[in-house]
Amino acid sequence: MNLWSALRLQFEWGADEALEEAARDRLCVAAPPPQSLTHPLAAPTPPARPVGPSMIPAAPALARAVAAAESATTLAELRAALAAFEGCALRDTATHLVFSDGNPAARLMLIGEAPGAEEDRAGLPFVGPSGQLLDRMLASIGIDRTRCLITNLIPWRPPGNRNPSDTEVALCLPFLHRHIALARPRHLLLLGGLASKALLGGKTGITRLRGTWREVAIPGLAAPIPALATYHPAYLLRMPGAKRAAWADLVALRLRLDAAAAAPSAS
Ligand code: URA
């Protein structure tokens, strides 16, 4: 295998961002420091720990995720808790935590999947091509980022934009639940199958889930929140034929928001 094929293979496997100035040989992490450099009182070198999503011990890490999320009483505390959470390996490869954008007091909250390369660089959700389409979709029903709160199921970019593993989803879900509980939106717009399945439960795909209002129970909230699933803007960029259905979903969203604003109980 020549150097070019090795580089290409890395790229195809998702190593498409340089995280450090110099390459690090991760196969050598287990090597003990040279004897002459070891201080006699230094602690012994811990054994190398294999890294990767499937190696995380799910139950203790999940308990830590739930405890960290539930300890947050404000959105700022939740952001800090996520930034400090070491249980999800995606944190180690991401450049920035992508927490949210928009208006935390908005009645509408949008939930996407995971940051891509642009979002990872900016630390903000939906700023790349799918975000630009999302902004146009929202504008078509009179909504901009001052009128909604936008976040993702996964707050760190998975390397190479691979799909997050089930373990990663399970570890990030308590933080998303807490995000929703603290922001207390009146309506949720779920973008794509991953976020929809994580919040609505079950294995039904987005083609069946989209377009119908459903209720999402959130720990810590007395009443469930009405949620509408629709296609993810990245999917619409690849499949423009699905835009007609997405438009119908946006119209349904606009009508529901207008009806809620007109209802006597709206505050
Ligand atoms: N796709 C997402 O689901 N979220 C982002 O923030 C960007 C792209």
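All of the points below concern the structure found in this document. In this text the structure is predicted, and so the values were computed from the model without any measurement. (Residues numbered from 1 in each chain as written. Predicted model: local features only at pLDDT ≥ 70, side-chain atom pairs only at ≥ 80, totals over all residues. Heavy atoms only, no water.)

1. So, the overall build of the protein chain
Test applied: Under the scheme used here, helices are H or I runs from DSSP no shorter than 4 residues and strands are E runs no shorter than 2 residues, and both carry numbers assigned from the N terminus. Under the scheme applied here, a residue whose accessible area is under 20% of the maximum for its type counts as buried, over 50% as exposed, and between as partly exposed, the area being computed with a 1.4 Å probe on protein chains only. We call two residues in contact whenever any of their non-hydrogen atoms come within 4.5 Å of each other. Only the protein chains shown count as cover for residues, with accessible areas throughout obtained via the Shrake-Rupley method and a probe of 1.4 Å.
A tally of helices and strands in the protein chain yields 11 helices and six strands. Across the 267 residues that make up the protein chain, the buried fraction comes to 39%. A fraction of 73% describes how many contacts in the protein chain between residues 6 or more apart in sequence connect residues 24 or more apart. Working note: accessible area of the protein chain is about 15000 Å², and carbon and sulfur atoms make up 58% of it.

2. Considering helix α7 (residues 166-183)
The condition is simple: Multiplying one less than the number of residues by 1.5 Å gives the expected span of a helix. Two axes enter the bend calculation: one fitted to the seven residues ending at the residue in question, the other to the seven starting there, and the bend is the angle between them.
For α7, with 18 residues, the first-to-last C-alpha span of 25 Å sits near the 26 Å given by 1.5 Å per residue. In α7, a bend of some 30° at L173 exceeds every other bend along the element, and P174, a proline, comes one to four places later. For α7, a buried count of 14 out of 18 residues is recorded, marking the element as mostly surrounded by other parts of the structure. Backbone geometry just downstream of α7 places R184 in the positive-phi region, at approximately 50°.

3. Structural notes on the environment of T93
Position of T93 relative to the elements: it lies in helix α4 (residues 90-93). On a C-alpha basis, the gap between T93 and R157 in space is 7.8 Å, while along the polypeptide they are 64 residues apart.

4. A short note on the site of the ligand
Inclusion rule: Throughout, the term near means that a residue has one or more heavy atoms lying within 4 Å of the molecule or strand in question. Polar contacts, as counted here, are pairs of nitrogen or oxygen atoms within 3.5 Å of one another; within protein the pair requires one atom able to donate a hydrogen and one able to accept it, and residues that are adjacent in sequence qualify only if both atoms are side-chain atoms. Each residue gets one of three labels, nonpolar for Ala, Val, Leu, Ile, Met, Phe, Trp, Tyr, Cys and Pro, charged for Asp, Glu, Lys and Arg, and polar for the others, Gly among them.
Near the ligand the following residues occur: G112, E113, A114, P115, E119, P125, F126, S130, N152 and H232. The contact in question runs from a nitrogen atom of the ligand to an N or O atom on the side chain of N152, over 2.8 Å. Within the side chain of H232, one N or O atom sits 2.7 Å away from an oxygen atom of the ligand. When isolated, the ligand has an accessible area of 230 Å², and the protein chains bury 93% of it. When its residues are assigned to classes, the shell around the ligand shows four nonpolar, four polar and two charged.

5. Re the sheet that holds strand β3 (residues 149-152)
Under the convention used in this document: At least two DSSP bridges between two strands are required for those strands to pair. Only the contacting stretch of a helix is used when fitting its axis, a line to C-alpha atoms as for every element, and angles between N-to-C directions run 0 to 180 degrees.
One open sheet accounts for six strands, arranged β1-β3-β2-β4-β6-β5; its pairing is mixed. Edge positions in the sheet fall to β1 (101-102) and β5 (213-216), since each has one partner strand and no second. By the bridge criterion, two bridges tie β1 to β3 in an arrangement that is antiparallel. Bridge assignment links G102 to a residue of β3, and that residue is L149. Seen against the sheet, helix α11 (residues 243-262) touches β2 (108-112), β4 (187-191), β5 and β6 (225-230) and runs at an angle of roughly 160° to β6.

6. Observations concerning the packing of α7 against helix α8 (residues 193-200)
Put simply, the rule is: Should an angle fall under 35 degrees it is taken as roughly parallel, and over 145 as roughly antiparallel, whereas 65 to 115 is taken as roughly perpendicular and any remaining angle as oblique.
Two numbers describe how α7 lies on α8: the axes approach to 11 Å, and their chain directions differ by 75°. Judged by the inter-axis angle, α7 sits roughly perpendicular to α8. Side by side, α7 and α8 meet where V169, L173, L176, H177 and I180 of the first sit next to L194, A198 and L199 of the second. For the contact of α7 with α8, the residue count by class is seven nonpolar, one polar and no charged.

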